[in-house]
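# Working through the structure, step by step
As a plain string of letters, each chain reads:
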Amino acid sequence: MSPIDLEIYWNRLIAIVDEAGAALKRTSFSTVVRESNDFAVVLLDEDGHLVAQSSWSVPGFIGTAPLSLRRMLQAVHRDTLRPGDILFTNDPWIGTGHLPDSTMAAPVFNGERIVAFVVAVAHLSDVGGRQWSADASEVFEEGIRFPVIKLLEGGEPNRLALGLLEANVRLPEQVRGDIEAQIVAIRVAQRRLAEMLAEYRLPDIRAIAESIYRASTEAALREIRRIPPGVYAGSVEADGWDEPIRIRARVDVSAEGIRIDYSGSSAQVGYGVNETFNHTYAYTIYPFKCMLSPAIPNNEGFTRLFEVHAPEGSIVNAKPPAAVGARHLVGHLLQGAIFEALAPVMPERVQADSGTPMWSVLLRGVDAVRDESFSTILFFNGGMGAMRDRDGIAATSFPGNISNTPIEVAENLAPILFTAKRLREGSGGEGARCGGQGQVVAFVSRWPGTIRVSLLTERVRLPARGLLGGAAGTVGHVRHNGVPVDQPKGMIDLGTGDALEVGLPGGGGFGTPN
């Protein structure tokens, strides 16, 4: 295949998933998807290898999609799939690591033959249980859990499954709307890929995919071979729940690829900050993507160069029925350990630890007298870590790419009034390049009753470290009516007029200050 043909085909495939992603975003009901972009649409070849993903896709979902599809096809064999079938699960050990994420997969047929798969993932605004939080002790408390099922069979919806889902969530219309948006995205991708195959008179995408993989592998290997072969070690510490957790990463670099081993990391804990392997895998390969080939779209040609080992029973590969609701509070930390490991040999490409993970604040209220209720999720970002050639970016998500929900939207959907939203001056760590600043966000309750607030926060006690001589960023804070909250990963109640203030942590600095 000529380079020109490959470029045309490759960009056409990306355009297909971009259109599908836009359809998902525009038809979704929740701000989690519509405003914060917590979704992904991914195209895979007939063997389940990653080919292309929509440009807005969350890194964690891109990385989990091939692993999820593999497990889904073990549960429902591909030979039983027919046009119009869509598989569904939210099992944390099959999907993306926690129950709120709906993972759907569907085949693309050309005639009677499966030639590709489409996977669509979206974070649902509610899955029942005790409310999205970090303080559950096992997964059964965290919501309804579906094994792999056919949500649609021959185009007909599984009404029993949809009825069970709607009966177990607080926002049935919103959840059903986002489920339907995923179905729309899958159908758009299926239709556009069928049109492409017909237009170019192609039997399948195998030759295109193999050319994409080959070009991506060659480009990535050129960068990997610039790293001196050897074993490099890094670690990161974070607050955890009641005691700090430590993640240790051993990075073994060879001329043919990289192996990452998390042996020695903390054991899984009795609260909902545990990781599953799929999510750990996704956020392990992502920082390498940023360092080695940021301009090349994600695909199997890059990911197959990496092997990830995470000991079962550890904080990065918890065994069921561990609670995993806030697994991103660990998953987003992995980049810090990997960047630290490679800092001595790749100082121009690594980044100091960021003021992550992304903070999530879930608000829920019920007024039995007026028969009214609401539930909404707010995302906030700390400062990114600095690099050798730039300061860290303020109030920006990394390694996720979740957007902040605009104040105007949040106030329209929840009975709260924002009193502050500003950069947190001086919160970035000092260095030759300074870490990104966090932000301060404050609001008061206008709800006539009690608002139950779930706090999914991190780096309130232990800061984001600097790198190669840079200083650590400032830790975050959570204050209820001006008083520090005892457990910033727990739940609190806001009465009418009560104030909540969150101060997001700053990113670490890079290099010794001049």
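For the structure itself, consult the block above.
Residues numbered from 1 in each chain as written. Predicted model: local features only at pLDDT ≥ 70, side-chain atom pairs only at ≥ 80, totals over all residues. Heavy atoms only, no water.

Counting residues in hydrophobic clusters, the biggest one holds 81 residues, and the most contacted among them are Tyr-262, Phe-288, Leu-292 and Phe-306. Take this core: its biggest share by element is 7 residues, from helix α3 (residues 59-75). Here Leu-292 is in contact with Glu-223, Ile-224, Ile-227, Ile-258, Phe-302, Phe-306, Met-346 and Arg-349, once residues within four sequence places are set aside. Grouped together as the second largest cluster of nonpolar side chains are 58 residues, Val-41, Ile-144, Leu-162 and Val-188 included. (Core = buried A, V, L, I, M, F, W, Y, C linked by side-chain atoms within 4.5 Å. Buried < 20%, exposed > 50% of the residue type's maximum accessible area, 1.4 Å probe, protein only. Helix = DSSP H or I, 4+ residues; strand = E, 2+ residues; numbered from the N terminus. Contact = heavy atoms within 4.5 Å.)

Moving on, we come to the packing of aromatic side chains. Applying the stated rule across the entire model yields 11 aromatic pairs. A centroid spacing of 4.9 Å and a plane angle of 45 degrees characterise the contact between Phe-302 and Phe-306, whose relative ring orientation is tilted. The pair Phe-302 / Phe-306 is uniform in exposure class, with both members buried. In textbook terms, an aromatic cluster arises when at least three aromatic residues are bridged by ring pairs, as seen for Tyr-286, Phe-339 and Phe-398. Looking at Lys-25, its charged tip hangs above the ring of Trp-56, at a distance of 5.7 Å from the centre. (Phe/Tyr/Trp six-rings, centres within 6.5 Å; stacked < 30°, edge-to-face > 60°. Lys NZ or Arg CZ within 6 Å of the ring centre and 35° of its normal.)

To continue, consider the sheet that holds strand β18 (residues 483-484). As summarised here, the arrangement of the 5 strands in space is β14-β15-β20-β17-β18, forming an open sheet in which the pairing is antiparallel. Two strands lie at the open edges of the sheet, namely β14 (416-423) and β18, each paired on one side alone. Taken together, the 7 bridges between β14 and strand β15 (residues 439-445) define a ladder with antiparallel strand orientation. Note on β15: the bridge partner recorded for Phe-418 is Phe-443. (Pairing = 2+ DSSP bridges.)

Taken in spatial order, the 4 strands of this open sheet run β13-β12-β16-β19, and their pairing is antiparallel. The sheet is open, and its two edges are formed by β13 (372-380) and β19 (491-494), each paired on a single side. Adjacent strand axes in the sheet meet at a mean angle of 20 degrees, parallel and antiparallel pairs treated alike. Of the strand pairs in this sheet, strand β12 (residues 359-367) and strand β16 (residues 451-456) are connected by 6 bridges, and their pairing is antiparallel. Across the sheet, the residue bridging to Gly-365 is Ile-451, located in β16. (Axes fitted to C-alpha atoms, helices over the stretch in contact; angles between N-to-C directions.)

Once that is clear, we can look at the packing of helix α4 (residues 159-167) against helix α5 (residues 172-200). Packing of α4 against α5 brings their axes to within 9 Å, and their N-to-C directions diverge by 140 degrees. Classified by the angle between their axes, α4 and α5 sit oblique to one another. Along this stretch, α4 crosses α5, giving a crossing that reads as right-handed. Residues Leu-162, Leu-165 and Glu-166 of α4 touch α5, and the partners they reach there are Pro-172, Val-175, Arg-176 and Ile-179. Classifying every residue of the contact of α4 with α5 gives 5 nonpolar, no polar and 2 charged. (Parallel < 35°, antiparallel > 145°, perpendicular 65-115°, else oblique. Left-handed = near helix turned anticlockwise from the far one by under 90°. Nonpolar A, V, L, I, M, F, W, Y, C, P; charged D, E, K, R; others polar.)

Attention shifts here to the environment of Asn-381. Within the secondary structure, Asn-381 sits in the loop between β13 and α11 (407-413). Residue Asn-381 is classed as buried on the basis of its relative accessible area, which comes to 3%. Through-space distance from the C-alpha of Asn-381 to that of Glu-7 is 35 Å; in sequence the pair is 374 residues apart. Those residues within four positions of Asn-381 in sequence are excluded, and the remaining contacts are Met-358, Ala-395, Thr-396, Ser-397, Ile-402, Asn-404, Gln-439 and Leu-504. Engagement of the side chain of Asn-381 in a polar contact is seen with the backbone oxygen of Ile-402, the distance being 3.3 Å. (Polar contact = N/O pair within 3.5 Å; in protein donor to acceptor, adjacent residues only side chain to side chain.)

The two faces of the sheet receive side chains in turn, since in a regular strand these alternate between them. Burial analysis of strand β5 (residues 113-123) places 10 of its 11 residues in the buried class, the great majority of the element. Bridge count between strand β1 (residues 39-45) and β5: 7 bridges; the pairing is antiparallel. Directly across from Ala-40, in β5, lies its bridge partner Val-121. Two elements, strand β4 (residues 101-110) and β5, share 10 bridges in a ladder whose sense is antiparallel. Within the sheet, the bridge partner assigned to Phe-109 lies in β5 and is Ile-114. What sits between the antiparallel neighbours β4 and β5 is a turn of 2 residues, in which Gly-111 has the positive phi angle 75 degrees.

This brings us to the side chain of Glu-46. With respect to the helices and strands, the residue Glu-46 is situated in the loop between β1 and β2 (50-53). Separated by 3.2 Å, the side chains of Glu-46 and Arg-113 make a polar contact. Within the structure, the side chain of Glu-46 is placed 2.8 Å from the side chain of Arg-206, a separation counted as a polar contact. Aside from chain neighbours lying at most four places away, what touches Glu-46 is Arg-78, Arg-113, Ile-114, Val-115, Ala-116, Phe-117, Asp-204 and Arg-206.

Before going further, it helps to examine the pairing of β1. For β1, the tally of buried residues reaches 7 of 7 residues, placing the bulk of the element in the interior. Both faces of β1 are covered, namely the face carrying Phe-39, Val-41, Leu-43 and Asp-45 and the face carrying Ala-40, Val-42 and Leu-44. By the bridge criterion, 3 bridges tie β1 to β2 in an arrangement that is antiparallel. Bridging across to β2, Val-42 finds its partner in Gln-53. Linking β1 to β2, which pair antiparallel, is a turn of 4 residues; within it Gly-48 sits at a positive phi near 85 degrees.

Two elements in contact, α3 and helix α7 (residues 277-292), have axes whose closest approach is 8 Å; the angle formed by their N-to-C orientations is 125 degrees. By the angle between their axes, α3 is oblique relative to α7. For the element pair α3 and α7, the recorded crossing hand is right-handed. Along its contact with α3, which presents Pro-59, Gly-60, Gly-63, Thr-64, Leu-67 and Ser-68, the element α7 presents Phe-277, Asn-278, His-279, Tyr-281, Ala-282, Tyr-283 and Tyr-286. Across the contact of α3 with α7, the residue classes break down as 7 nonpolar, 6 polar and no charged.

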